[in-house]
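# Remarks on the overall topology
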Amino acid sequence: MKLPVHLNALRAFEASARYRSFLAAAQELNVTPAAVGQLVRGLEEWLGTPLFIRSSSGRARLVATDAALRALPDIRAGFDRLAIGLERLKEGAGGGVLTVTVSPAFAAKWLLPRFERFQAACPDTDLRLETNLKPVDFVAQRVDIGVRYGAGSWQGLVAEKLMDEEIYPVCSPELLRSQPLHEPGDLGRVTLIHDLSMDGHAGFPTWEAWLQKMEVAGVAASRGLRINNSAAVLQAAIEGRGVALARSVMAHDDLASGRVLRLFPGIRFASELAYYVVYRPESAGMPKLRAFRDWLLREAASGGRLL
C-alpha cells in the first residue's frame, strides 16, 4: 500500500481530530480552514472512507470515526519518529542546542553552579533548560535529556543512576548558636522546615519518616514551615527560619560554604530515591546528548566539588 504523496493531508487530519475543528487545526498549521477541509476531503477520497462525522452545530462539529480513532495513535507515533529523524539530521557534529529538563531546585542548587565547567568541556553546545516540578513528555516538548529524582523507572526512557542521596537535618550557624541542638530530641524546640516538592511520592524523605527511624518521641513532626521547592527549603534554613531536612545533593554547596551546618553527623539516613540521567533510547546516539550525559556522570563521580 502506497502512502499519499504529501504528508500535509495526514497532518491536517491529525490536528482536526485532536481539536475536533478545522478552524483550530488551521490555526495550528498556519493555513486557512478551507485548506484544512480540502486536505482532509482529499485524504478521505484517496482512502475511500470518511474520517469524520460532520455536524453543522454544537461545540464539536467534527467527530472522528471508529476507523480514524484506531489509526490515530500510529499516525501520531509516525510524526514523532519523523521529528526525531529531523533532529538527527540537524545535530551535525554535536553542536547546537540541547534541551534539558530538570527540577527548578536541581537547576539552582546543582546544575547552574557547574554550568561554566560544561561550557568549557563542550563549547559548541548550548543548553536550553526546561525547569519543571513534574515530569514532562520528552516527545511532545522536544526534550533531549533530563535529570529526574525517583526510583529509577520512567516509561519510554532510559534511566542511568547519577547520584545516590543522604538525608540529614541542617540549620544556620546563627540558629545553632542561639539554640543548641545536641540530639534529635532537641528538635522539639525549633521550627521544622518541610519539603513538599514531591509531597505524596512514595519514598520521598519526610520529617515523619526521619524521626520515626531515629525513634524520637515528643517532637511534633507535622508542624512547622512547609515549602514546595527544595532550593527554597534550604534558603529558609540559611536565613535561620528553622531546621530543614536536607537532601545531600541539594545541600552540598551550602554545606561546603558553611551557609548551613549538618546536625547530628553521626546519624546516617539514606534516601530510597536517587538522581537519574534520563533520555529516549532512540536519542542515545546523539553526540551532544552523549557529551552532556558523560559530563554529568563525571561531575557526579567527582563529588560535584566546585572549584
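Our subject in this report is the structure included herewith. Predicted, not measured: the structure shown is a model, and the values here were computed from it.

The next subject is the overall build of the protein. Within the protein, the secondary structure is distributed over 11 helices and 12 strands. Here the C-alpha radius of gyration of the protein, 26 Å, is well above what a compact globule of 307 residues would show, namely 19 Å. In terms of overall dimensions, the protein has C-alpha extents of about 80 × 50 × 30 Å along its principal axes. For the protein, with 307 residues in total, the buried portion stands at 44%. Per element, the accessible surface of the protein, about 16,400 Å² overall, is 52% carbon and sulfur. Here the protein contributes 37 positively and 33 negatively charged side chains, and the mean placements of these two sets differ by 4 Å.

By size, the foremost hydrophobic cluster in this structure holds 44 residues, and its most contacted members are Phe106, Leu162, Tyr275, Phe292 and Leu296. No other element matches helix H9 (residues 230-238), which puts 6 residues into this core. Counting residues in hydrophobic clusters, the runner-up holds 20 residues, among them Ala15, Ala17, Leu51 and Ala64.

Evaluation of the coordinates by the stated rule reveals 21 salt bridges. A salt bridge links Arg18 to Glu14, with the shortest nitrogen-to-oxygen separation between them at 2.7 Å. A residue pair is termed a helical-turn pair when its members lie 3 or 4 positions apart in one helix, as Arg18 and Glu14 do in helix H1 (residues 8-19) at 4 residues. According to the relative accessible area criterion, Arg18 is partly exposed, its value standing at 38%. Note that Glu282 is salt-bridged to Arg280, the shortest N-O span being 3.6 Å. Salt bridges here are not isolated pairs; linked through shared partners, they connect Glu14, Arg18, Glu28 and Arg76.

On to the sheet that holds strand E7 (residues 167-171). A sheet is described by the order of its strands in space; here 5 strands give the open sequence E9-E8-E10-E7-E11, paired in mixed fashion. Taken across any chain shown, the strands that pair with only one partner, and hence form the sheet edges, are strand E9 (225-227) and strand E11 (261-262). One ladder, built from 2 bridges, connects E7 with E11; its direction is antiparallel. Among the inter-strand pairings, Cys171 is bridged to a residue of E11, identified as Leu261. Seen against the sheet, H9 touches E7, strand E8 (192-195), E9 and strand E10 (243-247) and runs at an angle of roughly 170 degrees to E8. Contacts between helix H10 (residues 248-257) and the sheet are confined to E7, E10 and E11, with E10 contributing the most and set at about 115 degrees to the helix.

So, on to the sheet that holds strand E12 (residues 274-279). Backbone-to-backbone hydrogen bonds pair the strands of a sheet. The strands run either parallel or antiparallel. Strand order in the open sheet formed by 5 strands is E4-E3-E5-E12-E6, and the pairing between neighbours is mixed. Edge strands, defined here as strands with exactly one partner in the open sheet, are strand E4 (125-131) and strand E6 (158-163). Each neighbouring strand pair of the sheet contributes to a mean axis angle of 25 degrees, computed without reference to strand direction. In terms of strand pairing, strand E3 (residues 96-102) meets E4 through 7 bridges, oriented parallel. Bridge assignment links Thr101 to a residue of E4, and that residue is Glu130.

All chains considered together, the criterion is met by 13 aromatic pairs. Each ring, one from Phe106 and one from Tyr275, has its centre 5.4 Å from the other, and the planes form 35 degrees; the classification is tilted. Taken together, the residues span a long stretch of sequence, with Phe106 in helix H5 (residues 104-111) and Tyr275 in strand E12 at a distance of 169 residues. We classify Phe106 as buried; its relative accessible area is 1%. Each ring, one from Trp154 and one from Tyr276, has its centre 5.7 Å from the other, and the planes form 70 degrees; the classification is edge-to-face. Of this pair, Trp154 sits in the loop between strand E5 (145-150) and E6 while Tyr276 sits in strand E12, placing them 122 residues apart in sequence. For the pair formed by Trp154 and Tyr276, the shared burial category is buried. A cation sits over an aromatic face here: Arg247 above Tyr149, 4.1 Å from the ring centre.

Here is what the cut-offs are and how they apply
- Chains are numbered independently. Their residues run from 1 in the order of the written sequence.
- In view of the model being predicted, local features appear only for residues whose pLDDT reaches at least 70, and side-chain atom pairs are presented and counted only at 80 or more, with totals across whole chains, interfaces and linings using the full set of residues.
- Each side-chain value is derived from all of the structure's non-hydrogen atoms; neither hydrogens nor water enter the calculation.
- Where helices and strands are cited, they refer to DSSP runs of H or I of at least four residues and of E of at least two residues respectively, numbered from the N terminus.
- With the radius of gyration taken over C-alpha atoms, the globule rule is written as 2.2 Å times the number of residues to the power 0.38.
- The cut-offs for exposure are 20% and 50% of the maximum accessible area for each residue type, with area from a 1.4 Å probe on protein chains only; residues under the lower value are buried, those over the upper are exposed, and the others partly exposed.
- The method behind every accessible area is Shrake-Rupley, applied with a 1.4 Å probe, and residues are considered shielded solely by the protein chains displayed.
- For the charge count, each Lys or Arg is scored as positive and each Asp or Glu as negative, with His and the chain ends excluded.
- By convention, the charge on Lys lies at NZ, on Arg at CZ, on Asp at CG and on Glu at CD.
- Working definition of a nonpolar core: buried Ala, Val, Leu, Ile, Met, Phe, Trp, Tyr and Cys residues. They are joined through side-chain atoms within 4.5 Å.
- Salt bridges are identified by distance alone: a Lys or Arg side-chain nitrogen within 4 Å of an Asp or Glu carboxyl oxygen.
- For two strands to count as paired, DSSP must find a minimum of two bridges between them.
- Whether two residues are in contact is decided by their heavy atoms: any pair within 4.5 Å suffices.
- What counts as an axis is a line fitted to C-alpha atoms, over the stretch in contact for a helix, and the angles between N-to-C directions run from 0 to 180 degrees.
- Centres within 6.5 Å are what make two rings of Phe, Tyr or Trp a pair, Trp counting through its six-membered ring; a difference in plane orientation under 30 degrees is then read as stacked, over 60 as edge-to-face, and the rest as tilted.
- Note on geometry: a ring has a charge over it if NZ (lysine) or CZ (arginine) is within 6 Å of the ring centre and within 35 degrees of the ring normal.

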